[in-house]
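Listed below, chain by chain, are the residues.
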Amino acid sequence: MDIFLILWRLPRTGFILGRAGVLGHLAKIDMLPDWFCLLLLVLNFLIAGRRSRKDAGQALCEALQALGPGFIKFGQALATRADLIGPELAGGLVQLQDRLPPFSGKRAIKIIEDSSQRPLSELFTSFDEEAIAAASIAQVHKASLADGRVVAVKILRPGIAKLMRRDVRFFRAMARLAEAVAPGLRRLKLVTAVQQFEQISDIELDLRMEAAAGTRLQENMANDKGIRIPHIDLERTNSHMLVIEWIEGIRIDDVEALQAAGHDIAKITEAAATSFFNQVFRDGYFHADMHPGNIFVTADGLLVPIDFGIMGQLDFADRLFLARLLDAILKRNYDEVARLHYDAGMLDDSVSLAAFSQSLRAVADPVLGKALGDISLGLVLGQILQISARFDISVQPQFNLLQKTMMMAEGVARSLNPSADMWAFARPLASDWISSEDNIRAQIDRVLSDFRQLYLKLPQILEKLDIAPPPPPPAPKWPYLIAAISVLIALYSTLPVH
């Protein structure tokens, strides 16, 4: 089935990519076999149009936009895979604009009424039929509620679910073909990447999931300063329509407008950096589509993110690994960075930790302490990925969304305040968080140790009280489990709620 799908869709896809000059850029990927790179170069020579752009990222963006909605979304996901397509292409894809012509207002009204089983007049007192924004998955209209509140109404495109399922099947087939043609690519876990893309797409295609993501983020950040999450109308929201508070504000990258409105750029930069750190490390749940069009600054100086269709999540072990990694890098302790990679199982026993440490120093030392305007995260990332390939470090798929989000955040921060030192923001946040978590873990370890000592001494205590203890069961384990659960519940009940 996959073979027929590839034969049916690959020629057109390859031709569009070739006309944009993308095949020639793909031929530069080191992990592809020599014969395949030569084939790509020949095809590029035969197909590439005279106007094909020399800018690899822009060329790929234009080709994906011509291929349709599924390819646009997949291109945005590929921005996380500089290890696969190279930092030049990945850097260009971060700026991929998800824009398509809108569908008609009358069709939008029909979708609203069909999905809610209510006439438009019962939902909104006014509804602007002209869309204010149109992307590959959905478009947005402005409306008003009976109580006077102004809202944004996000509506799924007709037939988009079927189109996305068809494209995902093609991507999965191509990932399997790529791993078969070039076994060296298996280290990059391409099939896993497509599975992640499918999961994200499924969430985006059910706007109730986006509403749930927004309310969760709102709960997490309820007590945070300098940022707020817009109110989501859960009563009117359904799988095909999301109703959310209308935000009046200035895009975060419009520095001239922000300054003209009297906003403190340094304060906004610090609030954005702190919020990003809290989402990733404190909560393990972060906004993963942080392009400038999704972040506004309101008149009172608050940051307001919108569009919660793509969210990232990290478990505690991954967050602790990243925080310790960041802390070690900021302290220029590259031996510790190498050790952390080894302990996490990312480095083989045959790899020299000293050589890995020295390679990291060569990449990181030149950029630490520099302002955002003086460094390129894309360039640094490319160098790190070259090191990863050299030492055969296995790709960690759970960090893909975070990598994309970091590149987006860097672009926003650079346009907002190029003189900012991102490392100065990160250092105290990382150290404080690690100290806090290590203290909690130490408390748990101490209490568990006390429970264990008490359990071991219990027979002696009972003997002194002339109470015959029951015969101990073989290899008792459940008391430790009960004690651990009790202690964890007690400790976590004392922690502040975020």
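Residues numbered from 1 in each chain as written. Predicted model: local features only at pLDDT ≥ 70, side-chain atom pairs only at ≥ 80, totals over all residues. Heavy atoms only, no water.

Regarding the overall build of the protein
And step 1. Across its full length, the protein holds 20 helices and 10 strands.
And step 2. Pairs at least 24 apart in sequence give 70% of the contacts found in the protein among residues at least 6 apart.
And step 3. Approximately 25900 Å² of the protein is accessible, and the part contributed by carbon and sulfur atoms is 58%. (Helix = DSSP H or I, 4+ residues; strand = E, 2+ residues; numbered from the N terminus. Contact = heavy atoms within 4.5 Å. Areas by Shrake-Rupley, 256 points an atom, 1.4 Å probe, with all protein chains shown as cover.)

Notes on the confidence of the model for the protein
And step 1. Chain-level statistics for the protein give a pLDDT mean of 79 and a share of 75% at 70 or above.
And step 2. Predicted confidence for residues 473-498 stays below pLDDT 50, and this span has 19 contacts to residues more than four positions away or in other chains. (pLDDT = per-residue confidence, 0-100.)

Quick look at the packing of aromatic side chains
And step 1. Under the definition given, this model contains 9 aromatic pairs.
And step 2. Between Trp35 and Phe36, the aromatic rings sit 5.5 Å apart at their centres with planes inclined by 80°, giving edge-to-face as the arrangement.
And step 3. A relative accessible area of 24% places Phe36 in the partly exposed class.
And step 4. Each ring, one from Phe74 and one from Phe197, has its centre 5.1 Å from the other, and the planes form 80°; the classification is edge-to-face. Residue Phe74 is found in helix H5 (residues 69-78), and its partner Phe197 is found in helix H10 (residues 190-204); the two are separated by 123 residues along the sequence. Phe197 carries the same exposure label as Phe74, and that label is buried.
And step 5. For Arg9, the ring lying beneath its charged end belongs to Phe170, and the centroid distance is 5.1 Å. (Phe/Tyr/Trp six-rings, centres within 6.5 Å; stacked < 30°, edge-to-face > 60°. Buried < 20%, exposed > 50% of the residue type's maximum accessible area, 1.4 Å probe, protein only. Lys NZ or Arg CZ within 6 Å of the ring centre and 35° of its normal.)

Considerations on a nonpolar patch on the surface
And step 1. A surface patch of nonpolar side chains, amounting to about 480 Å² of accessible area, comprises Leu38, Val42, Phe45 and Leu46.
And step 2. Topologically, Leu46 is positioned in helix H3 (residues 34-47). (Patch = residues over 30% accessible without salt bridge, like charges linked within 9 Å, V, L, I, M, F, W, Y side chains within 5 Å. Salt bridge = Lys/Arg side-chain N within 4 Å of Asp/Glu carboxyl O.)

Description of the environment of Leu302
And step 1. Note that Leu302 resides in the loop between strand S8 (295-297) and strand S9 (303-305).
And step 2. When its relative accessible area of 21% is taken as the criterion, Leu302 is described as partly exposed.
And step 3. Note: C-alpha distance between Leu302 and Ile229 (73 residues apart in sequence) is 9.8 Å.
And step 4. Setting aside anything within four residues of it in sequence, one finds Leu302 in contact with Gly226, Ile227, Arg228, Phe296 and Val297.

Thoughts on the sheet that holds S8
And step 1. Pairing within the open sheet is antiparallel, and its 3 strands lie in the order S6-S8-S9. Each edge of the open sheet is held by one strand with a lone partner, namely strand S6 (250-251) and S9.
And step 2. Pairing analysis gives 2 bridges linking S6 to S8, with the strands arranged antiparallel. When the sheet's bridge partners are listed, Ile250 is paired in S8 with Val297. (Pairing = 2+ DSSP bridges.)

A closer look at the nonpolar core
And step 1. Ile252, Leu303, Phe308 and Phe356 are the most contacted members of the largest nonpolar core, which has 103 residues in total.
And step 2. It is helix H14 (residues 316-330) that provides the largest number of residues to this core, a total of 8 residues.
And step 3. With residues up to four places along the chain from it excluded, the contact list for Leu303 reads Gly226, Ile227, Arg228, Ile252, Ile268, Ala271, Ala272, Ile295, Phe296 and Val297.
And step 4. With 16 residues, the next largest nonpolar core counts Phe103, Leu145, Ile155 and Val243 among its residues. (Core = buried A, V, L, I, M, F, W, Y, C linked by side-chain atoms within 4.5 Å.)

Describing the side chain of His341
And step 1. Structurally, His341 can be placed in helix H15 (residues 334-343).
And step 2. At 2.9 Å, the side chain of His341 forms a polar contact with the backbone oxygen of Val337.
And step 3. In this structure His341 touches Phe321, Leu325, Met346, Leu347, Phe356 and Ile393, once residues within four positions along its chain are discounted. (Polar contact = N/O pair within 3.5 Å; in protein donor to acceptor, adjacent residues only side chain to side chain.)

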